[in-house]
Every structure is written in structure tokens, then in C-alpha cells.
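# Architecture at a glance
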Amino acid sequence: MLRITDLRKKYKNYEVLKGLNMNLEKGSVYGFLGKNGCGKTTTMNIICNIVPKDGGTIGFEAGSGQRPKIGYLTESPALYGFMNGYEYLRYIAACADYELDVEKRIEEVLEVTGMTEGARRRIKGYSRGMNQRLGIAAALFDHPELLILDEPTSALDPEGRAEVMNIILNLKSSGVTIILCTHIITDVERVADKIGIMKNGIIAEEGSIDSIMTKYRNQSKDITVRLADPHPDTAAPMRMLPSVNSSNYNGMNGVVTLGSDNIDSLYNELITLIYENKIKISELIAQKTTLEDVYFAITGLSGRDGVRA
């Protein structure tokens, strides 16, 4: 669907995009991640022809050069509060010079976004979730092949986020290709087939979630053991295991926390030690690397310690 090569953009003396590469498969959801100011919105604006690029190429449909229809939901869609949902979508149809049955299409996008009941109400009385869903309906109106969503669940409550994620999954199942730009990692984990993490004007890491997690999963994490017998002598052998590079023992509750650069090796050593020495435990928790950990490591933001880019 979309292949971007060496994309560059500069605003005066500030180079926002420094050779960005991105590959997006048709009918997939691409999770677009990165801290504020890294160039995500500039990238999306260039894809939509809102701002010009300074260099690089953007190819569609495996290099055919044909630009697909693109729908774009900005982070804070500016809707006209004096209109109701129907009136706003009729306005969108007029802006798009929509040539098919407008009223039929309005009903279709309202049903897809769960806005049929609310469409008769004035927009000024909408909740944030209703605003987002109407914004998605507008972005979908002209049958886009590529849908770009910039922070579609920002500031929504859990119920509103779940509603928007279900809309995205339904659109994906119908064949729409989606770029989902968000800071909410759990939303990306739920719907994305592939992710790209931006840093310093480029995509620093791109691939399926599974492939990226496989790359980072063995990096430093902790195993927490709660001992049935909290005596220090019981904890001592665990802290001397070959894979342990840091340890902490809380004698008050019998909890041993073990850090390692290879969580799998430490886990195997620990299980063997517990079995061979008949150590009684009440709980064992392995804290493995999460996608959030990987994101923090790549972007350089402060998060949980342990993963290194």
C-alpha cells in the first residue's frame, strides 16, 4: 500500500525528517509511535499532501504511483458545534464532491462508527468519544483505501477507547489500511500488525510486534520470588546464581528480587535451584520485557529500567 524512502523535511534550520523509511502492507494496521515533536504529524501531513516534502519518495500500491483515497482524522478534529451529525456529514459530502447516494453513505458511516442514535443531536453537546467517532465517520466518508488516525483515543475513558479500537478492528477486517498514531501502547498492541517507532527524524525500529519483542525480550528484567520460609539463609543461594547481576532481599516479607541480562537463563537456573534444594516458595513472578519497555528504550524516554536500545 505505502512505501516511503528517505523522506526529508526541514522547517527553516530545523530538520524534522532525516531520511525516514516506512513500509505499510495493504489491509493492515500500522502502529506509528514516537515522542512529541519527533516528526509523526509532519510525516502524516506529507502523506496527505498537506505539506510538501523536501526529499525522498512516497510510493503507493507497490510502486504503481497511483495515490489512493486517503481519510485523515487529526488529533483534535474541529467540528461545527451548531450542526448535528447528519448536517456535518452532508457538509463533508459537499466538500468531497461525493457523487453517490449521500444519504445512504451517511447512514453507512454512522452505523460503522456507532453514531446513528447521536447523529440528530447538536455537536456542541457531544462527549469527547462522540466527537472522535463522528470525526472517524467523516474521514471514512469518501471510501478511503488508506485511513490515517492521529491520537483517536486521546483523552477518552476506557469505554470510549474500547469503542474506537473496535471500530478500527472492524475497518481492518473490511480491508481498509490504517495508520494509527498514538501514545497509548496497549491500543497498539491490541490492533497493530506492524509498528514503527520514530526517533530523531527516522524510523528507528520497524516490524511486527512479535519480531520486535523477540529482539528485545531477553534483555535485563527481574524475577521476584516470595519465600514460604523467609530466613536469609534460604535466600542466599538464589542471589549467587550465575545469571544474577543484581539482587535485593526484603527479610520482612521474604521477597527476593533478582535482576538478569538474560531472563530465560535466570529462570531455568532458579527453577533448578528451587527443585534441587527443596526450597519452599509461595509465589514466583517473571517480569519480562513489554512493548512499553522497548518504546522507552528506543525513544530515550524514562520508563522502567532494564531494556537497552
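Below is a short write-up of the structure. (Residues numbered from 1 in each chain as written. Predicted model: local features only at pLDDT ≥ 70, side-chain atom pairs only at ≥ 80, totals over all residues. Heavy atoms only, no water.)

Once that is clear, we can look at the pattern of salt bridges. Following the criterion strictly, the structure yields 14 salt bridges and no others. Put simply, Glu205 and Lys215 hold a salt bridge, and the shortest N to O gap is 3.1 Å. With Glu205 in strand β9 (residues 202-207) and Lys215 in helix α7 (residues 209-216), the pair connects residues that are 10 residues apart, well separated along the chain. Taking the relative accessible area as the measure of exposure, Glu205 reaches 12% and is therefore buried. Classification of Lys215 by relative accessible area gives exposed; the value is 53%. Through salt bridges with shared partners, one network takes in Asp6, Arg8 and Glu15. (Salt bridge = Lys/Arg side-chain N within 4 Å of Asp/Glu carboxyl O. Helix = DSSP H or I, 4+ residues; strand = E, 2+ residues; numbered from the N terminus. Buried < 20%, exposed > 50% of the residue type's maximum accessible area, 1.4 Å probe, protein only.)

This part takes up the packing of aromatic side chains. To describe a pair of aromatic rings, you give the distance between the ring centres and the angle between the ring planes. Per the stated rule, a full pass over the model turns up seven aromatic pairs. For the pair Tyr80 and Phe82, a centre-to-centre distance of 5.8 Å together with 45° between the ring planes defines the contact as tilted. Judged by its relative accessible area of 58%, Phe82 falls in the exposed class. Where Tyr98 meets Phe141, the ring centres are 5.0 Å apart and the plane angle is 70°; that geometry is what we call edge-to-face. In this pair, Tyr98 is assigned in the loop between α2 (85-95) and α3 (102-112) and Phe141 in the loop between α4 (128-140) and β6 (146-150), connecting sequence segments 43 residues apart. In this structure, Tyr98 and Phe141 share a single accessibility class: buried. Taken together, the aromatic side chains of Tyr80, Phe82, Tyr88 and Tyr91 make up a single cluster linked through ring pairs. Positioned above the aromatic ring of Tyr86, the side-chain terminus of Arg120 is 3.9 Å from the ring centre. (Phe/Tyr/Trp six-rings, centres within 6.5 Å; stacked < 30°, edge-to-face > 60°. Lys NZ or Arg CZ within 6 Å of the ring centre and 35° of its normal.)

Here we come to unusual backbone geometry. Despite not being glycine, His143 has its phi angle at roughly 55°, a positive value. Tracing the backbone shows His143 in the loop between α4 and β6. With a relative accessible area of 36%, His143 lands in the partly exposed category. Its identity as a non-glycine residue notwithstanding, Glu151 has a phi of 50°, on the positive side.

Another aspect to go through is helix α10 (residues 291-299). The buried fraction of α10 is high, at eight of nine residues. Among all positions in α10, only Leu291, Asp293, Val294, Tyr295, Phe296, Ala297, Ile298 and Thr299 are buried. The inward-facing, buried residues of α10 abut β3 (29-33), α6 (185-191), β8 (194-199), β9, α7 and β10 (221-227). Positive phi shows up at Gly300, right after α10, with a value of about 80°. (Contact = heavy atoms within 4.5 Å.)

Spatial ordering of the open sheet is given by β5-β6-β7-β3-β8-β9, a layout of six strands whose pairing is mixed. Lying at the two open borders of the sheet, with one neighbouring strand each, are β5 (70-73) and β9. The average angle at which neighbouring strand axes cross in this sheet is 15°, direction not considered. As defined by bridge partners, β3 adjoins strand β7 (residues 177-181) across four bridges and the pair is classed as parallel. Directly across from Val29, in β7, lies its bridge partner Ile178. Of the strands in this sheet, β3, β5, β6, β7 and β8 are in contact with helix α1 (residues 40-47), which crosses β6 at around 150°. Along the sheet face, α10 touches β3, β8 and β9 and points at about 30° away from the line of β8. (Pairing = 2+ DSSP bridges. Axes fitted to C-alpha atoms, helices over the stretch in contact; angles between N-to-C directions.)

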